[in-house]
Amino acid sequence: MEQFVIRPADEGAGEAIHAGLRAYNRKFVPDTADLSLVVIDQARRIIGGCDAFRMGELAMLDVLWVAEDHRGAGLGACILEQLEENAARQGAKRLELNTFGFQAPRFYEKMGYHRFGAVEQGTGSYGHYFYVKEL
């Protein structure tokens, strides 16, 4: 039997894992695209962005983040709206995402997302919520 080592992944290994999964997925859904976005301020500091992708008519948002000192000013909405526009332009019909109760469920609902699933005690006392929006 082949010997191998399992260890915590660093950033480079994480990218390799994602690349491997994307390559596998393309065998079944060849129409895929990275939809990730980044927001950079005048000091060239990353202050927000999202990690997202499209597979055919489905867009998926994995992570949306805004630096704490820029929250509440509409930047998250701008990122999400740009993501939705880009996804729709490429043929996506809907966008799915998940969030925890301490993160942004009200934000996504305000942005027109509908909850389709939940694990009420996802972590500690916080729920884990799943959302979709038709584009």
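A brief look at the structure comes next. (Residues numbered from 1 in each chain as written. Predicted model: local features only at pLDDT ≥ 70, side-chain atom pairs only at ≥ 80, totals over all residues. Heavy atoms only, no water.)

### Remarks on helix α2 (residues 75–89)
Turning to step 1, where the next piece is worked out: With 15 residues, α2 ought to run about 21 Å at 1.5 Å a step, and its terminal C-alpha atoms sit 21 Å apart, in line with that.
Turning to step 2, where the next piece is worked out: Regarding α2, the residues found buried are Leu-75, Gly-76, Ala-77, Ile-79, Leu-80, Leu-83, Glu-84, Asn-86 and Ala-87.
Turning to step 3, where the next piece is worked out: Those residues of α2 that are buried lie in contact with β2 (37–40), β3 (46–55), β4 (58–66), β5 (94–100), α3 (105–110) and β7 (126–134).
Turning to step 4, where the next piece is worked out: Among the residues trailing α2, Gly-91 stands out with phi positive, at a value near 105°. (Helix = DSSP H or I, 4+ residues; strand = E, 2+ residues; numbered from the N terminus. Expected span 1.5 Å × (residues − 1). Buried < 20%, exposed > 50% of the residue type's maximum accessible area, 1.4 Å probe, protein only. Contact = heavy atoms within 4.5 Å.)

### As for the pairing of β2
Where a strand is regular, its side chains alternate between the two sheet faces.
Turning to step 1, where the next piece is worked out: Taken together, the 4 bridges between β2 and β3 define a ladder with antiparallel strand orientation. Bridging from a neighbouring strand, Val-38 pairs with Gly-49 of β3.
Turning to step 2, where the next piece is worked out: In this antiparallel pair of consecutive strands, β2 and β3, the connection spans 5 residues, and Arg-44 shows a positive phi of 65°. (Pairing = 2+ DSSP bridges.)

### A look at unusual backbone geometry
Turning to step 1, where the next piece is worked out: We note that Arg-44 has phi near 65°; this positive angle belongs to a residue other than glycine.
Turning to step 2, where the next piece is worked out: If you trace the backbone, Arg-44 turns up in the loop between β2 and β3.
Turning to step 3, where the next piece is worked out: The class of Arg-44 is exposed, set by a relative accessible area of 74%.

### Regarding the packing of aromatic side chains
Turning to step 1, where the next piece is worked out: Applying the stated rule across the entire model yields 7 aromatic pairs.
Turning to step 2, where the next piece is worked out: Measuring from centroid to centroid gives 5.1 Å for Phe-107 and Tyr-108, while their planes differ by 65°, and the two rings are edge-to-face.
Turning to step 3, where the next piece is worked out: According to the relative accessible area criterion, Tyr-108 is buried, its value standing at 5%.
Turning to step 4, where the next piece is worked out: Centroid distance Tyr-108 to Tyr-113: 6.0 Å. Interplanar angle 80°. Geometry classified as edge-to-face. We note that Tyr-108, like Tyr-113, is buried. (Phe/Tyr/Trp six-rings, centres within 6.5 Å; stacked < 30°, edge-to-face > 60°.)

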